[in-house]
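Listed here are the chains, written in short residue letters.
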Amino acid sequence: MTINDLRGVLKGRVLLPEDDGFEQAATAWNLTIKQPVAAVAEAADADDVAALVRYARQAGMTVTAQPSGHGASGDVEGLILLRTGLLNDIEVRTEERVARVGAGATWGQVLAAAGPLGLTGLSGSAPGVSVTGYTLGGGVGWFSRKHGFASDSVRAIDIVDADGEPGRVSAESDPELFWALRGGGGDFAVVTALELELYPAPALYGGRVIWPEHRTSEVYDAFLEITAEAPRELSVWINRLQPPGAPPMVTLDLAYLGEKAQAEDLLTRIDKIGGAISDTRGVVPVADLGGITAEPTDPAPSIARAELLTGLDTDAVELLLAKPVDPLINVQIRHLGGALTEAGDGAGASGAVTEPYLLGLLGLGLPHAADATRARQAEVVADLKAYISGRKPYTMLSPGETAATSFSRSTLARLREIKRARDPHNVFRANYPVLG
């Protein structure tokens, strides 16, 4: 059996390195990540996924599933890259407040379907990210302070197991695998669909306020005051931005799961800061939630690093503001807390996050800028050493990091035991393998 035999196995397209279009099909969303895979298989449906897994099992090969290419690590040499973008059906069952979402669907598509019904899912900031990849990694987004990890909103999962057999996993049918898939990544099965709990969103307020750089200290003061007392319905993120070719600036991004009047009462502190360049705050349709941060929607070369912070006080802010943003593009702090700190009995492998803030450092991954980007990221982390916990959410790992950074020893041991039991021949590899 050779890799060429794969063409006769699938209804969908199979591309090999010598084929036109292979390089584009194998490209990750982050263009700094190279993916030297043996083949790209584009599944036409769930039956194709099962056929591919059976082929890989018989051929002694490994499959890595990437719906959209977000979160790729580059650790894929010689693997079969499975694209599930065509599995993008969405069904919203309004009375049950449940969405059935194909593996290739994006958060933008789900919010567009759920929003007009007064419902929302637990999406992140970027509408083009796949629901499945984001959720298998845990998923920390706008409404996580209110409702926790996106992975804990999963009610059932359609999978193909390591023998190529389709199945349906839930807390009742297979509690161990159900636990592992909800936050432990894609190391245990290929997911072909998820059933997610949706949440009421009859009103939503949000937007971005931008100030020039000289207002940064004032904006940070406001950020600390607001987040110290913020209800769980309110999420606020602060950014020191310096896009290429633009002057440095500071922004607050916010989303409030509730009425406009309530949000404005909570955010009066912002109005005391003068000199705003732009203010887009207002009532936001759920379908437009991804527009608040205006993140890029096209692939680009970037280098990101995330760290959890045990606190954020005036001393930490002084360290953050002591140096310019450049050569980075963004130094972001997200307020966490709330439901993220409370892993209930039914929680998945993501567990709980007790750290109240998340630091994100983003820079260009172009050859002339990559070394400077990494050096500045390391410098910021060193400056904030006293505030950095040393762990980070699995969904926010970066190339070169491992799953061991995300999980406690007991959780990682349990995930590894499940991996060995369910996939002893390593038919599957997640972006960040639990055995890596």
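Scroll up for the structure.
Structural notes, computed from the coordinates. Since the model is a prediction, treat every value here as computed from it, not as a measurement. (Residues numbered from 1 in each chain as written. Predicted model: local features only at pLDDT ≥ 70, side-chain atom pairs only at ≥ 80, totals over all residues. Heavy atoms only, no water.)

Across its full length, the protein holds twelve helices and 19 strands. On C-alpha atoms alone, the protein measures out to a radius of gyration of 21 Å, which is about the 22 Å that the 2.2 N^0.38 rule sets for 436 residues. Taking the principal axes of its C-alpha atoms as reference, the protein extends roughly 70 × 55 × 40 Å. The proportion of buried residues among the 436 residues of the protein is 55%. For the protein, long-range pairs separated by at least 24 residues make up 73% of all intrachain contacts whose partners lie at least 6 apart in sequence. Carbon and sulfur atoms form 50% of the exposed surface of the protein, whose accessible area is close to 17,700 Å². A distance of 3 Å separates the average location of the 38 positive side-chain charges in the protein from that of its 55 negative side-chain charges. (Helix = DSSP H or I, 4+ residues; strand = E, 2+ residues; numbered from the N terminus. Rg over C-alpha atoms; globule rule 2.2 N^0.38 Å. Buried < 20%, exposed > 50% of the residue type's maximum accessible area, 1.4 Å probe, protein only. Contact = heavy atoms within 4.5 Å. Areas by Shrake-Rupley, 256 points an atom, 1.4 Å probe, with all protein chains shown as cover. Lys, Arg positive; Asp, Glu negative; His and termini not counted. Charge placed at Lys NZ, Arg CZ, Asp CG, Glu CD.)

What the five strands build is an open sheet, ordered β5-β6-β10-β8-β9; its pairing is antiparallel. Both outer strands of the open sheet, β5 (90-93) and β9 (166-169), are each paired with one neighbouring strand and no more. Direction aside, neighbouring strands of the sheet carry axes that sit 15° apart on average. As judged from the six bridges shared by strand β8 (residues 154-160) and strand β10 (residues 190-197), these two strands associate in the antiparallel manner. Pairing of aspartate 158 across the sheet is with alanine 193, part of β10. Its contacts with the sheet place helix α3 (residues 107-114) against β5, β6 (98-102) and β10, and it is angled at close to 35° to β5. (Pairing = 2+ DSSP bridges. Axes fitted to C-alpha atoms, helices over the stretch in contact; angles between N-to-C directions.)

Looking now at the pattern of salt bridges. Throughout the structure, instances matching the rule amount to 32 salt bridges. Note that arginine 215 is salt-bridged to glutamate 218, the shortest N-O span being 3.1 Å. Across the pair glutamate 379 and lysine 323 runs a salt bridge, and its minimum N-O distance is 2.8 Å. Note that glutamate 379 is positioned in helix α11 (residues 370-383) and lysine 323 in the loop between α10 (314-321) and β18 (328-335), a separation of 56 residues in sequence. Taking relative accessible area as the criterion, lysine 323 reaches 29% and is therefore assigned partly exposed. (Salt bridge = Lys/Arg side-chain N within 4 Å of Asp/Glu carboxyl O.)

Attention now moves to helix α12 (residues 409-422). Given a rise of 1.5 Å per residue, 14 residues ought to cover 20 Å, and the 20 Å separating the end C-alpha atoms of α12 matches this to within 8%. Looking at α12, one finds that the buried residues are Thr411, Leu412, Leu415, Ile418 and Lys419. The arc that holds every buried residue of α12, seen down its axis, measures 125°, which confines them to one face. Exposed residues pointing more than 90 degrees away from the buried face of α12 are listed as Arg409, Ser410, Glu417, Arg420 and Ala421. Contacts from the buried residues of α12 go to α6 (175-181). (Expected span 1.5 Å × (residues − 1). Arc of directions from axis to C-beta.)

Another point: the nonpolar core. If you look at the biggest cluster of nonpolar residues, it comprises 53 residues, and the most contacted ones within it are Phe143, Ile157, Ile159, Leu181, Phe188, Leu289 and Leu415. When contributions to this core are tallied by element, the ones reaching two or more residues are β6, α3, α4 (131-136), β8, α6, β10 and α12. Top contributing element to this core by residue count: α6, with five residues. One finds Ile238, Ala316, Val325 and Leu328 within the second-largest nonpolar core, a separate group that totals 38 residues. (Core = buried A, V, L, I, M, F, W, Y, C linked by side-chain atoms within 4.5 Å.)

For isoleucine 418, the position within the fold is in helix α12. For isoleucine 418, a relative accessible area of 5% corresponds to the buried category. In the structure, isoleucine 418 is positioned 239 residues away from tryptophan 179 in sequence and 10.0 Å away in space, judged by C-alpha atoms. Residue contacts for isoleucine 418: discarding those within four places in its chain leaves Glu176, Trp179, Ala180, Phe188 and Asp423.

It is worth spelling out the environment of alanine 56 at this point. Secondary-structure assignment places alanine 56 in helix α2 (residues 46-59). C-alpha of alanine 56 to C-alpha of alanine 304: the two residues are 248 residues apart in sequence and 32 Å apart in space. Beyond its immediate chain neighbours, meaning those up to four positions away, alanine 56 contacts Met61, Val63, Ile80 and Val427.

Compared with an ideal rise of 1.5 Å per residue, which puts 14 residues at 20 Å, α2 spans 20 Å between its outermost C-alpha atoms and is within 8% of the ideal. Within α2, burial applies to Asp48, Val49, Ala50, Ala51, Leu52, Val53, Tyr55 and Ala56. In this structure, the buried residues of α2 make contact with β2 (39-42), β3 (63-65), β4 (80-83), β8 and β10. If you check the start of α2, you find a side-chain oxygen 3.2 Å away from the backbone N of aspartate 47, and it comes from aspartate 45. (Polar contact = N/O pair within 3.5 Å; in protein donor to acceptor, adjacent residues only side chain to side chain.)

The next point concerns the sheet that holds β4. Spatial ordering of the open sheet is given by β1-β2-β4-β3, a layout of four strands whose pairing is mixed. Of all the strands in the sheet, the pair left with one neighbour each is β1 (14-15) and β3. Taken together, the four bridges between β2 and β4 define a ladder with parallel strand orientation. If you follow alanine 39 over to β4, its bridge partner there is isoleucine 80. Set on the sheet, α2 makes contact with β2, β3 and β4; between it and β4 the angle comes to about 170°.

What follows concerns unusual backbone geometry. Residues aspartate 326 and proline 327 are joined by a peptide bond in cis, for which omega reads 15°. Tracing the chain through its elements places proline 327 in the loop between α10 and β18. Positive phi outside glycine occurs at asparagine 426, with the angle close to 55°. Note that asparagine 426 resides in the segment after α12.

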